[in-house]
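Examining the three-dimensional arrangement
Each chain, letter by letter, is given below.
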Amino acid sequence: MQSPINKKLLNLKAIDIFAGCGGLSLGFQNAGFKIIAAFDNWEPAIKVYKKKFHHPIYNYDLSSLNYDYSIFKNFDCNIVIGGPPCQDFSSAGKRNENLGRGDLSIVFAKIIAFIKPQWFVMENVERYKKSEKRSQVIDIFKSNNYGLSEIIIKASLCGVPQNRKRYICVGKLNGEDDELLPYINKNLSEKPMSVRDYLGDTLGIEYYYRHPRTYARRGIFSIDEPSPTIRGVNRPIPKTYKLHKADACYFIEKIRPLTTIERSYIQTFPQDFDFDLENQSKTDLEQMIGNAVPVKLGEFVANSIIEYIESKATPQFEPKQLVLNFADNQ
């Protein structure tokens, strides 16, 4: 069997659009991609990004490009990655895709159409798959000869201790639809990762509180299960909290929410990731951590792309798992 290809020889150069504090960038970098530039328009997240990465990040309002995408031609990249803002599609938001931020996924698609990288990866919330914006975005990609692999991925099956479902679209210029799906599906874990699986007993707790959107849902969780989705807000347990029948523990006197930094661990940021705590407000930190793409999810997708590329040079690769297409995950 041939030895794996040296990743440096693959010329894996990427730019990250809507980079936030760097979850997707770090995941792709960990997998062997060279991130050469990033873009965002929120200064608190940009400050954190700069502390972790050596390449430039540009404070750039991607909603006001006025169809001028020429700045992206300045970068010699073969992949563009990004997670356009998802709040207008999120179950935690107003679910109105016409509030403005939903248009940014169309901007992302138009940037791809303009610079035509060999690859792109777009991430969004699960609900994006049913949106009108997605239909418009797919039309743009297809009219520019991209083969698309769309899937809803459970982060807990990708090394992330969190019940977070995300829409992933991988595009390959002049490729075939769904050709990345075998490479993604074959590496999914059979067992969801729990908090204890990932962090052991380092949190010093067995149970914790995550504020439910409504009291029809539970609020107390065990570290022996995946965490619920990390959101952009983190509230203390109210004195008036009434136990839910599905709560993992009924002794709530010592139950606490996860701290801001503990929540970053659930998003699989490494413990040495510098969030510039002294200069950031708690509100901003919670938002940027909750909005981030989990690092290990980004790394998982990046490794799937690398495995696909390597397979074309090593034909002995045979996916062992049946393809699960986008429709199967709806």
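Source: prediction; values computed, not measured. Positions within a chain are numbered from 1, following the residues in the order the chain's sequence is written. Selection of residues for local features in this predicted model requires a pLDDT of at least 70, selection of side-chain atom pairs for listing and counting requires 80 or more, and totals for whole chains, interfaces and linings are taken over all residues. Hydrogens and water are ignored here; the side-chain numbers use all heavy atoms of the structure.

**Quick look at the packing of aromatic side chains**
Aromatic contacts are taken between Phe, Tyr and Trp rings whose centres are within 6.5 Å, Trp giving its six-membered ring; a plane angle under 30 degrees counts as stacked, one over 60 as edge-to-face, and the others as tilted. Inspection of every chain in the model, using the stated rule, returns 20 aromatic pairs. One aromatic cluster is present, formed by F39, Y58, Y60, F72 and F75 through successive ring pairs. Note on criteria: charge over ring means Lys NZ or Arg CZ within 6 Å of the ring centre, with the direction from the centre no more than 35 degrees off the ring normal. Stacked on the ring of F114, the Lys or Arg K73 has its end atom at 5.4 Å from the ring centre. Its end group placed over the ring of W119, K172 keeps NZ or CZ at 5.9 Å from the ring centre.

**Description of the pattern of salt bridges**
A carboxyl oxygen of Asp or Glu within 4 Å of a side-chain nitrogen of Lys or Arg is what we treat as a salt bridge. By the definition in use, this model includes 17 salt bridges. In this structure, R166 engages E123 in a salt bridge whose closest nitrogen and oxygen atoms are separated by 3.1 Å. In this pair, R166 is assigned in strand β8 (residues 165-173) and E123 in strand β5 (residues 119-125), connecting sequence segments 43 residues apart. Among the residues examined, E123 registers a relative accessible area of 8% and is labelled buried. Residues joined by salt bridges that share partners form a network here, namely R196, D201, E206 and D224. Helix numbers and strand numbers start at the N terminus; a helix is a DSSP run of H or I with at least 4 residues, a strand a run of E with at least 2. When accessible area is computed with a 1.4 Å probe and restricted to protein chains, residues below 20% of their type maximum are described as buried, those above 50% as exposed, and intermediate ones as partly exposed.

**Looking at unusual backbone geometry**
Located in the positive-phi region is N145, a residue other than glycine, with phi close to 70 degrees. Assignment of secondary structure puts N145 in the loop between α4 (132-143) and β6 (146-154). Its identity is not glycine, yet T268 carries a phi of approximately 65 degrees, on the positive side. Take T268: it is sitting in the loop between α7 (260-266) and α8 (282-291).

**Examining the nonpolar core**
As used in this record, nonpolar core signifies buried Ala, Val, Leu, Ile, Met, Phe, Trp, Tyr and Cys residues forming a set joined through side-chain atoms within 4.5 Å. Judged by nonpolar contacts, the single largest core of 59 residues is most densely connected at F28, F33, I79, V121, F275 and I305. If we ignore the near neighbours within four places in the chain, the residues touching I79 are K13, A14, I15, F28, F33, P117, W119, F120, V121 and I305. Should any heavy atoms of two residues lie within 4.5 Å, those residues are considered in contact.

**So, helix α1 (residues 23-31)**
The buried fraction of α1 is high, at 7 of 9 residues. Within α1, the full set of buried residues consists of G23, L24, S25, L26, G27, F28 and A31.

**Quick notes on the environment of L203**
Within the secondary structure, L203 sits in the loop between α6 (195-199) and β9 (207-209). Relative accessible area serves as the criterion here: at 11%, L203 is assigned to the buried category. L203 sits 56 residues away from T259 along the chain, and the two C-alpha atoms are 9.8 Å apart. Apart from the residues within four sequence positions on either side, L203 is in contact with V195, R256, L258 and E262.

**Points about the sheet that holds strand β2 (residues 34-40)**
Here 7 strands make up an open sheet; going across it, the order is β3-β2-β1-β4-β5-β8-β6 and the pairing mixed. Across the chains shown, the open sheet's two edge strands, defined by having one partner strand only, are β3 (57-59) and β6. Adjacent strand axes in the sheet meet at a mean angle of 15 degrees, parallel and antiparallel pairs treated alike. At least two bridges found by DSSP between two strands is the condition for calling them paired. Sheet topology note: the strand β1 (residues 13-17)/β2 ladder contains 5 bridges and is parallel. Of the residues in β2, the one forming a bridge with I17 is F39. Between N-to-C directions, angles span 0 to 180 degrees; the directions come from axes that are lines fitted to C-alpha atoms, helices contributing only their stretch in contact. Sheet strands touched by helix α2 (residues 43-52): β2 and β3. Its angle to β3, the strand with the most contacts, is close to 165 degrees. Strand contacts of α4: β5, β6 and β8, with the helix running at about 145 degrees to β6, the strand carrying the most contacts.

**Examining a positive patch on the surface**
A cluster of basic residues, R127, K130, R213 and R217, forms a positive patch at the surface. Along the chain, R217 turns up in the loop between β9 and β10 (220-222). To count toward a patch, a residue needs a relative accessible area above 30% and no salt bridge. Like charges then connect within 9 Å, nonpolar side chains (Val, Leu, Ile, Met, Phe, Trp, Tyr) within 5 Å. Using the Shrake-Rupley algorithm and a 1.4 Å probe, accessible areas are obtained, with residue cover drawn only from the displayed protein chains. Neither His nor the chain ends contribute to the count of charged residues, in which Lys and Arg are positive and Asp and Glu negative. Where a charge sits is defined by one atom per residue type, namely NZ (Lys), CZ (Arg), CG (Asp) or CD (Glu).

**Considering a nonpolar patch on the surface**
Judged by side-chain polarity, L243, Y250 and F251 come together as a nonpolar surface patch covering roughly 370 Å² of accessible area. On the accessibility criterion, Y250 (46% relative accessible area) is partly exposed.

**Focus: helix α3 (residues 103-115)**
Expected span of a helix: the number of residues minus one, times 1.5 Å. Taking 1.5 Å of rise per residue, the 13 residues of α3 would be expected to cover 18 Å, and the 19 Å separating its terminal C-alpha atoms lies within 8% of that figure. Counting buried residues along α3, 10 of its 13 residues qualify, which places the element largely inside the surrounding structure. Taken residue by residue, α3 has L104, S105, I106, V107, F108, A109, I111, I112, A113 and I115 as its buried positions. Residues of α3 that are buried make contact with β1, β4 (79-82), β5, α4 and β6. K116 sits one or two positions beyond α3 and adopts a positive phi of about 50 degrees.

**Topic: the pairing of β4**
By the alternation rule, side chains of β4 split into I79 and I81 and V80 and G82, which are all buried. Examined bridge by bridge, β1 and β4 share 4 bridges and lie parallel to one another. The partner of I15 across the bridge, within β4, is V80. Summarising the sheet, β4 and β5 pair through 4 bridges and their orientation is parallel. Residue pairing across strands places V80 opposite F120, the latter belonging to β5.

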